[in-house]
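Coordinate inspection notes
Spelled out from the first residue to the last, the chains are:
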Amino acid sequence: MSGDVELGPAEPVEREVAEPKRAPARVSPAWLLGIGVAGALLALQALAAAATDPADRLDFNWFRALALPLLAGYGAAATPLILASGTRALRRLAPSLPGGEAEAEREVAALGAGRRRRWLVGAAIGVSIPLVLGGLLAGRTDRVFAGIPIDLYFLVAAVSFWSVAAHVIQLVVDVGRRLRRVARERVVVDLFHLERLRPFGAFGLQQAGVLLGGFAVAFALLSTPDAEQAWLMRLETIAGVPLLFPLMALSLLAALVAFLAPMRVIRRRVQGEKAVVLARVGAQLGPHWEETAELERDAKTLGLPGLLALRAQIGQLGEWPIDDGMKRRFGLYLLLPLFSLLLKAVVEQFIGTLVS
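Quick caveat: nothing in here was measured; it's all calculated off a predicted structure. (Residues numbered from 1 in each chain as written. Predicted model: local features only at pLDDT ≥ 70, side-chain atom pairs only at ≥ 80, totals over all residues. Heavy atoms only, no water.)

Observations regarding the packing of helix 3 (residues 62-92) against helix 7 (residues 149-186)
Two elements in contact, helix 3 and helix 7, have axes separated by 9 Å at closest approach and are oriented at 20°. The pairing of helix 3 with helix 7 is recorded here as roughly parallel in orientation. Here the hand of the crossing between helix 3 and helix 7 comes out left-handed. Residue composition of the contact of helix 3 with helix 7, by class: 22 nonpolar, four polar and one charged. (Axes fitted to C-alpha atoms, helices over the stretch in contact; angles between N-to-C directions. Helix = DSSP H or I, 4+ residues; strand = E, 2+ residues; numbered from the N terminus. Parallel < 35°, antiparallel > 145°, perpendicular 65-115°, else oblique. Left-handed = near helix turned anticlockwise from the far one by under 90°. Nonpolar A, V, L, I, M, F, W, Y, C, P; charged D, E, K, R; others polar.)

Focus: helix 2 (residues 29-51)
Its 23 residues place the ends of helix 2 33 Å apart at the C-alpha level, agreeing with the 33 Å of an ideal helix rising 1.5 Å per residue. Those residues of helix 2 lying buried are Ala30, Gly34, Ala38, Leu41, Gln45 and Ala48. Contact partners of the buried residues in helix 2: helix 3 and helix 7. (Expected span 1.5 Å × (residues − 1). Buried < 20%, exposed > 50% of the residue type's maximum accessible area, 1.4 Å probe, protein only. Contact = heavy atoms within 4.5 Å.)

Describing the confidence of the model for the chain
Residues at a pLDDT of 70 or more form 72% of the chain, whose mean pLDDT is 76. Scored below 50 in pLDDT, residues 1-20 shows zero contacts in the model against residues more than four places distant or in partner chains. Note on residues 287-293: pLDDT under 50 across the span, and eight contacts to partners over four residues away in sequence or across chains. (pLDDT = per-residue confidence, 0-100.)

Some details on the nonpolar core
Core analysis: the biggest nonpolar cluster contains 64 residues, and Ile82, Leu179, Val187, Val189, Leu197 and Phe200 have the highest contact counts within it. A per-element tally of this core places helix 7 first, with 15 residues. Once you skip the residues sitting within four places of it in the chain, Leu179 turns out to touch Gly86, Ala89, Leu90, Leu93, Phe200, Phe203 and Pro262. (Core = buried A, V, L, I, M, F, W, Y, C linked by side-chain atoms within 4.5 Å.)

Topic: the side chain of Thr52
Positionally, Thr52 belongs in the loop between helix 2 and helix 3. Looking at Thr52, the relative accessible area reads 2%, which means it is buried. Among the polar contacts listed, one links the side chain of Thr52 to the backbone oxygen of Ala48, at a separation of 2.6 Å. For Thr52, the side chain forms a polar contact with the main-chain nitrogen of Ile150, separated by 3.0 Å. Leave out the neighbours within four places in its chain, and Thr52 touches Arg57, Ile148, Pro149 and Ile150. (Polar contact = N/O pair within 3.5 Å; in protein donor to acceptor, adjacent residues only side chain to side chain.)

Details of the side chain of Ser85
Tracing the sequence through the fold places Ser85 in helix 3. Assessed through its relative accessible area of 1%, Ser85 is described here as buried. Setting aside residues up to four positions removed in sequence, Ser85 forms contacts with Phe203, Gln206 and Gln207.

Focus: a nonpolar patch on the surface
Together, Leu332, Leu335, Leu338, Phe339 and Leu342 line one region of the surface with nonpolar side chains, adding up to about 460 Å² of accessible area. Assignment of secondary structure puts Phe339 in helix 12 (residues 324-355). The class of Phe339 is partly exposed, set by a relative accessible area of 47%. (Patch = residues over 30% accessible without salt bridge, like charges linked within 9 Å, V, L, I, M, F, W, Y side chains within 5 Å. Areas by Shrake-Rupley, 256 points an atom, 1.4 Å probe, with all protein chains shown as cover. Salt bridge = Lys/Arg side-chain N within 4 Å of Asp/Glu carboxyl O.)

Here's what the structure looks like:
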């Protein structure tokens, strides 16, 4: 009784303290990091343009000016978002892990492993791709070696973008691999509480959202004036397809893999558990009873109608750790590139109307 009296007034006090903390709307640190990276590259571009002799300056192009800073900034923001989604998924899975919260925290701590390796590989890729692509462009390499500031800036921006992009892809792979290992080896599957496994679906959805968001940003950049004149848009593969499109297709494929991979592992676990339980129920419906006390007790308790109902119920249980809300959100994420293309069409129509 006294305990109840003491707990009663404590709740309003906690709410009064918590409410002011939720009041101010704050920008996520991840997005602040992304804005900072994009802003730094844009400022460096302005300084490089100012330091470049007017005769050596490139014609201004919105796509060329914005693409690398915005995409590099988005990649920088994506890194903490991906880590946060993996951390959140593991902690929400604690009730399904044999070691509970302690095991979940150990898995969370392990997410930071490999950070140095990811950045080293990312830096190597970030340097290699601009050098290879630069070698395909007549005159661009010569301008870099000549020390023209604006070309040196574009080299720095390209290295930054590809380094961040390679790091993000590695991070998605590493975090996804850890979630798959947890799904395959550690999670305890309860067929009648599959909602406990939805963190796998939420994790995949968040990864797909991050990658498709970058995909949408790339398409939105195509709506900028003179985007077709940018060097990346003019590069073509051997088949004559602009290089930008296979790169975007790879991003979409990576988003689909990030969404499905952790769920496919846990789905196989669920299918295996269902098969085992259905086999046990089927044994009770057969002419011979297994000599186990548990199954005999279930048979006597449920009876034939109950066993038939149980078999039907288990057979109808879902296997994917997602709900209808997650399906709708993923469908909306897939529409992001389409919205970006529609933006391009609207902008082009608007510019055409102004010119005419």
